[in-house]
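# Structural overview
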Amino acid sequence: MKYHIDTIPVWDAVKQDCECFLCALETRTEQQEAERFLGASVMEPDIRIQVNRQGFCRNHHRMLFGMGNRLGHALMLESHTAESIRTVSACLNDIKKAAGAASGSILSKYGRSGQAVKKSYEEAVGRLADAAGGCILCEAVHTYMQRCCETVLLLWENDSEFRRQFSGTKGLCLCHLADLLRLAPQVLSSRLVPEFADAVEKLEKPNLDRIQEDISWFIKKFDYRYEAEPWKNSQNAVQRTCNKLRGACLPEDQASSGR
Ligand SMILES: [Zn+2]
Ligand SMILES: [Zn+2]
């Protein structure tokens, strides 16, 4: 296969011991992107234009704020706020125009003109919602992860050593499992799609069973009859179960139990 730039990070990720190697890659990418936005790219005109237009979602504002670079964060906020004011003003103008037309028309609720007014009102509100819903960091991570999923599939198709590593992982979170299976028919040759689905099933099912056992054992350990029993693998079962079901959201390196 044609190896491209994404091959190396995917290879590094597949060797990691965690509940989803694509989550590990995503977390690392997200961190690097956040550092980039707070760092040199603050001054790059192209990036500033995109940030001004899209902004960041609340999760990523929380992340950027936690990184402690208040000046970098403030510089992006200043020009994004200016752009947001322009967008909000234009939307409110259109919303008021449409609302005024609706109240002034007898036909507003029933007639064709009423439908047109309703449409332009909703369009303007939609533009306002879009302005509040964008995130350049989410988009950057999503685009990169799509490419990485393609790379996983291409490596799985062409490299037997990668196949071996893949089937030796602890499986994937359900989100990345769905991402890979959604892409598989577009990336793999069609005869390999059932084989891939089969390989994924063989990988994922025992790992979901393992998670189920761990969380059940964790619960048992709260029963006094099991107090003297060992924790086995269950001390961080709460985090690993959340991460497996919904993608990495909790650190796996701490015990869940306060006991
Ligand atoms: Zn994942
Ligand atoms: Zn975001």
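The preceding data block contains the structure.
Structural notes, computed from the coordinates. This is a predicted model, so every value here is computed, not measured. (Residues numbered from 1 in each chain as written. Chains lettered and ligands numbered in written order. Predicted model: local features only at pLDDT ≥ 70, side-chain atom pairs only at ≥ 80, totals over all residues. Heavy atoms only, no water.)

### Regarding the coordination of the zinc ion (ligand 2)
For clarity, the cut-off: Counted as donors are the N, O and S atoms within 2.8 Å of the metal, or 3.2 Å for Na, K and Ca, while water is not among the atoms, so some sites may look incomplete. Under this scheme a four-donor centre is tetrahedral when all angles range from 85 to 135 degrees, a four-donor centre is square planar and a six-donor centre octahedral when opposite donors are above 155 degrees with the rest from 65 to 115, and any other centre is irregular. Strands here are runs of E lasting at least two residues and helices are runs of H or I lasting at least four, both read from the DSSP assignment and numbered beginning at the N terminus.
Bound to the zinc ion (ligand 2) on the protein side are Cys-57 (SG), His-60 (ND1), Cys-135 (SG) and Cys-138 (SG), at distances that span 2.0 to 2.3 Å. Coordination geometry of the zinc ion (ligand 2): the 4 donor atoms subtend angles of 103 to 113° at the metal centre, consistent with an arrangement described as tetrahedral. Read N to C, the donor residues that coordinate the zinc ion (ligand 2) are spaced as C-x2-H-x74-C-x2-C. Of this pair, Cys-57 sits in the loop between α3 (45-54) and α4 (58-66) while Cys-138 sits in helix α7 (residues 136-158), and the two are 81 residues apart along the sequence.

### Examining the packing of helix α9 (residues 174-187) against helix α10 (residues 193-220)
When two helices pack together, their arrangement is given by the angle between the helix axes and the distance between those axes. Test applied: Under this scheme, a helix contributes an axis fitted over its contacting stretch, all axes are lines through C-alpha atoms, and angles between N-to-C directions fall in the 0 to 180 degree range. Oblique is the label for any angle not covered by the other classes, which are roughly parallel (under 35 degrees), roughly antiparallel (over 145) and roughly perpendicular (65 to 115). It only takes one pair of heavy atoms within 4.5 Å for two residues to be counted as in contact. Amino acid classes used here: Ala, Val, Leu, Ile, Met, Phe, Trp, Tyr, Cys and Pro are nonpolar; Asp, Glu, Lys and Arg are charged; the rest, including Gly, are polar.
Two elements in contact, α9 and α10, have axes whose closest approach is 10 Å; the angle formed by their N-to-C orientations is 170°. Between α9 and α10, the crossing angle belongs to the class labelled roughly antiparallel. For the pair formed by α9 and α10, the contact residues are Leu-174, Leu-177, Leu-180, Leu-181, Ala-184 and Pro-185 on the first element and Val-193, Phe-196, Ala-197, Val-200, Glu-204 and Leu-208 on the second. Split into classes, the residues belonging to the contact of α9 with α10 amount to 11 nonpolar, no polar and 1 charged.

### Here's the deal with the coordination of the zinc ion (ligand 1)
As a reminder of what qualifies: Between buried and exposed lies partly exposed: a residue is buried under 20% and exposed over 50% of the maximum accessible area for its type, with that area taken using a 1.4 Å probe on protein chains only.
Protein coordination at the zinc ion (ligand 1) comes from Cys-20 (SG), Cys-23 (SG), Cys-173 (SG) and His-176 (ND1), with a distance range of 2.1 to 2.3 Å. Here the donor residues of the zinc ion (ligand 1) share one chain and are spaced in sequence as C-x2-C-x149-C-x2-H. Comparing Cys-20 with Cys-23, the two get one shared label, buried.

### Describing the pattern of salt bridges
Quick note on the threshold: By salt bridge we mean one thing: a side-chain nitrogen of Lys or Arg within 4 Å of a carboxyl oxygen of Asp or Glu.
Counting across every chain of the model gives 16 salt bridges. Two residues, Glu-19 and Arg-240, come together in a salt bridge whose shortest N-O distance is 3.1 Å. On the criterion of sequence distance, the pair formed by Glu-19 in the loop between α1 (7-14) and α2 (21-38) and Arg-240 in helix α11 (residues 237-246) is long-range, its members being 221 residues apart. Assigned by exposure class, Glu-19 and Arg-240 land together as buried. Across the pair Asp-94 and Lys-97 runs a salt bridge whose closest N-O atoms are separated by 4.0 Å. With Asp-94 and Lys-97 both in helix α5 (residues 70-104) and 3 residues apart, this pair spans about one turn of that helix.

Treat this as a map of the structure, not an account of what it does.
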